[in-house]
Amino acid sequence: MTPLSEMARVFGRIGLLSFGGPAAQIALMHKELVEDRPWLTEAQFLRALSFCMLLPGPEAMQLATYSGWRMRGVTGGLLAGLLFVVPGALVILVLALAYGLYGQLPLVQSLFIGVKACVVVIVIQALIKVAKKAVKGPVHIAIAVASFLALFALNAPFPLVIVVAACVGALVLKGEAEGGASAPQTSAMATLKTIALWLVIWFAPVLVLALAAPGILVDMAKFFSTLAVVTFGGAYAVLAYMTQAVVGDFGWLTTAQMVDALGLAETTPGPLILVTQFVAMVAGFKAGGVGLALVAGLVTLWVTFAPCFLWIFAGAPYIDRLAHMPRLSGALSAITAAVVGVIANLGLWFAGAVFFDTGTTVQPVPVVIAVIAAALLLWRKWDMLVVLPICAALGLVLVGGI
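Q: Got a minute to help me understand the side chain of Arg-37 in this structure?
A: Looking at the element boundaries, Arg-37 is found in the loop between α2 (21-35) and α3 (42-54). Taking relative accessible area as the criterion, Arg-37 reaches 15% and is therefore assigned buried. Polar contacts involving the side chain of Arg-37 include one to the side chain of Glu-32, which spans 2.6 Å. What Arg-37 contacts, discounting residues up to four positions off in sequence, is Glu-6, Arg-9, Val-10, Arg-13 and Glu-32.

Q: Could you clarify how one ought to interpret the nonpolar core in this entry?
A: With 119 residues, the main nonpolar core has Phe-11, Met-29, Phe-224 and Met-242 as its most contacted residues. No other element matches helix α4 (residues 59-102), which puts 15 residues into this core. In this structure, Ile-143, Ala-165, Ala-334 and Ala-338 belong to the second largest nonpolar core, which totals six residues.

Q: Is there a simple way to explain α4 in this structure?
A: An α-helix turns once per 3.6 residues; consequently, residues spaced three or four apart project the same way. An ideal rise of 1.5 Å per residue puts 64 Å on 44 residues; α4 reaches only 33 Å between its terminal C-alpha atoms. Most pronounced at Arg-72, the bend in α4 amounts to some 150 degrees.

Q: Is there a simple way to explain helix α9 (residues 216-230) in this structure?
A: Compared with the 21 Å implied by 1.5 Å per residue over 15 residues, the 21 Å span of α9 between its first and last C-alpha is a close match. Turning to α9, its buried residues number three or more, namely Leu-217, Val-218, Met-220, Ala-221, Phe-223, Phe-224, Ser-225, Leu-227 and Ala-228.

Q: Just checking my understanding: could you explain the pattern of salt bridges for this structure?
A: Should the charged atoms of two oppositely charged side chains come close, the side chains can pair. If you walk through the whole model with that rule in mind, you get five salt bridges. The closest approach of N and O atoms between Arg-37 and Glu-6, which form a salt bridge, is 4.0 Å. Here Arg-37 is found in the loop between α2 and α3, whereas its partner Glu-6 is found in helix α1 (residues 4-17), with 31 residues between them in sequence. Glu-32 is the partner of Arg-37 in a salt bridge, and the nearest nitrogen-oxygen pair spans 2.6 Å. Residue class for Glu-32 comes out buried when judged on its relative accessible area of 6%. Linked through salt bridges whose partners overlap, the residues forming this network are Glu-6, Arg-9, Arg-13, Glu-32 and Arg-37.

Q: What is the right way to look at the packing of helix α8 (residues 188-212) against α9 in this model?
A: Packed helices, taken two at a time, are described by the angle their axes make and the gap between the axes. Two elements in contact, α8 and α9, have axes whose closest approach is 9 Å; the angle formed by their N-to-C orientations is 155 degrees. On the basis of the axis angle, α8 is roughly antiparallel to α9. Taken as a pair, α8 and α9 cross one another with a handedness that is left-handed. Contacts between α8 and α9 pair Trp-202, Val-206, Leu-209 and Ala-210 from the former with Leu-217, Val-218, Ala-221, Ser-225 and Val-229 from the latter. Counted by class, the contact of α8 with α9 contains eight nonpolar, one polar and no charged residues.

Q: Would you explain the packing of aromatic side chains in this entry?
A: Any aromatic ring pair is given by two values, namely how distant the centres are and how the planes are angled relative to each other. Scanning the model with the defined rule gives 14 aromatic pairs in all. Look at Tyr-99 and Phe-278: their rings are 5.2 Å apart centre to centre, the planes differ by 65 degrees, and that puts the pair in the edge-to-face class. Linking Tyr-99 in helix α4 with Phe-278 in helix α12 (residues 275-288), this pair joins segments that are 179 residues apart in sequence. Here the two residues Tyr-99 and Phe-278 agree in accessibility, since each one is buried. Aromatic ring contacts, followed pair by pair, group Phe-223, Phe-224, Phe-250 and Trp-252 into a single cluster. Stacked on the ring of Trp-39, the Lys or Arg Arg-37 has its end atom at 5.7 Å from the ring centre. Over the face of the ring belonging to Trp-379 we find Arg-380, whose NZ or CZ atom lies 5.1 Å from the ring centre.

Q: Hey, could you run me through unusual backbone geometry in this one?
A: Leaving glycine out, the prevailing phi sign among residues is negative, and the prevailing peptide bond configuration is trans. Even without a glycine there, the phi angle at Lys-381 is positive, about 60 degrees. When you line up the elements, Lys-381 lands in the loop between α15 (364-379) and α16 (384-398).

Q: Explain the state of the cysteines to me, please; I cannot follow it from the model alone.
A: Here a disulfide denotes a covalent bond joining the sulfur atom of one cysteine to the sulfur atom of another. Scanning the model with the defined rule gives zero disulfides in all. Unpaired in terms of disulfides, Cys-52 finds its nearest cysteine sulfur in Cys-308, a separation of 9.4 Å. Under the relative-accessibility criterion, Cys-308 is labelled buried at 1%.

Q: How should I be thinking about the side chain of Thr-65 in this particular structure?
A: Looking at the element boundaries, Thr-65 is found in helix α4. Taking the relative accessible area as the measure of exposure, Thr-65 reaches 0% and is therefore buried. Setting aside residues no more than four positions away along its own chain, Thr-65 makes contact with Gly-77, Ala-80, Gly-81, Phe-309, Ile-312 and Phe-313.

Q: Just to check I follow, could you spell out a nonpolar patch on the surface for this structure?
A: Together, Leu-160, Val-164, Val-168, Leu-171 and Val-172 make up an exposed nonpolar region whose accessible area comes to about 450 Å². Looking at the secondary structure, you find Val-172 in helix α7 (residues 158-172).

Q: What is the right way to look at the packing of helix α5 (residues 106-134) against α16 in this model?
A: In contact at an axis separation of 7 Å, α5 and α16 are set at 140 degrees when each is read in the N-to-C sense. Classed by the angle they form, the pair α5 and α16 counts as oblique. The two elements α5 and α16 cross, and the hand of that crossing is right-handed. Contacts between α5 and α16 involve Leu-107, Ser-110, Leu-111, Gly-114, Val-115, Cys-118 and Ile-122 from the former and Met-384, Val-387, Leu-388, Cys-391, Ala-392, Gly-395 and Leu-396 from the latter. For the contact of α5 with α16, the per-class residue count stands at 11 nonpolar, three polar and no charged.

Conventions used here
- Residues numbered from 1 in each chain as written.
- Predicted model: local features only at pLDDT ≥ 70, side-chain atom pairs only at ≥ 80, totals over all residues.
- Heavy atoms only, no water.
- Helix = DSSP H or I, 4+ residues; strand = E, 2+ residues; numbered from the N terminus.
- Buried < 20%, exposed > 50% of the residue type's maximum accessible area, 1.4 Å probe, protein only.
- Polar contact = N/O pair within 3.5 Å; in protein donor to acceptor, adjacent residues only side chain to side chain.
- Contact = heavy atoms within 4.5 Å.
- Core = buried A, V, L, I, M, F, W, Y, C linked by side-chain atoms within 4.5 Å.
- Expected span 1.5 Å × (residues − 1).
- Bend = angle between axes of the 7 residues up to and from the residue.
- Salt bridge = Lys/Arg side-chain N within 4 Å of Asp/Glu carboxyl O.
- Axes fitted to C-alpha atoms, helices over the stretch in contact; angles between N-to-C directions.
- Parallel < 35°, antiparallel > 145°, perpendicular 65-115°, else oblique.
- Left-handed = near helix turned anticlockwise from the far one by under 90°.
- Nonpolar A, V, L, I, M, F, W, Y, C, P; charged D, E, K, R; others polar.
- Phe/Tyr/Trp six-rings, centres within 6.5 Å; stacked < 30°, edge-to-face > 60°.
- Lys NZ or Arg CZ within 6 Å of the ring centre and 35° of its normal.
- Disulfide = S-S within 2.5 Å.
- Patch = residues over 30% accessible without salt bridge, like charges linked within 9 Å, V, L, I, M, F, W, Y side chains within 5 Å.
- Areas by Shrake-Rupley, 256 points an atom, 1.4 Å probe, with all protein chains shown as cover.

Bear in mind that shape data such as this cannot, by itself, settle questions of function.
The following block contains the structure:
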């Protein structure tokens, strides 16, 4: 049995180094848990990844939680999941408060330009990595392209894209059932007890909040709880919906602030869905200052990640059974391919927001910084933690005049 101290060391490092969005985070976990250590087999990792892709919420965080559960049960799952989230959440906390206090300063805006230009390249790099793992033949390519076109050209709802991809995968990508996969045994009653426990953990604080402090915090708790249920494919897939609600329906942030939020979430460790924490804290800061911002961030973190533990702890005992269900395995592999199209769609949207102003005029400085970032990341293979500060400094020099 793997010692908890060793798990804390490894998953703590994963949490601190999990930059670049879900694709990069999944690649990092694969290296740490499959390549460098015999903690998961390749088949176990891919089955768990496919399952997490099917769930609402951040797939990388849920994959980490499953990996910890696989080794040390619920304790291991909680340890791995929390260590994946907490470092990034602490960074977002500091950045959100700084943004609320100083975000409109020209110097800070100049730094953001460099960071966001670099993030465009990071998304491209992550897209390449996940595509190499998920796209394994002409059917996968067709699914990825069709998913991109459905979202980009037709504005199709993501759940519909997922359902269609799953149906195609079940019919076309049916594989052979594997032998020898050990499926942990559980009972329906145990699963129901797990679901009931985590539903209470999820909703009890929301109920207390509704009774004690109705207002913007309750609105946030309800909205982000809903978001936790519909975020199939992770934060990438739901960003457009979240932007519409946060900017248009609630008026919590502006579109420019949403772009800043995504840029900061992309450049911090942890799951990209931590953008919800940033959004809540900035909205809380505008509505009531630092105190409300802190509470809003905590509430949002709770309702965003409590459901993730529910999905994994209830579903983890059944994941290995996918090895004996070739049609379902085919469906899940198709979903993984579809998410490639989702990431490409969001990457294009993000690039448009960074490289163009409110019209169609190209912004030369972000383009120049992105070209430099591409040369360093994609050609020279420099580490992202080195390239990001360079790009931020370029933004300060080229825009801020430092």
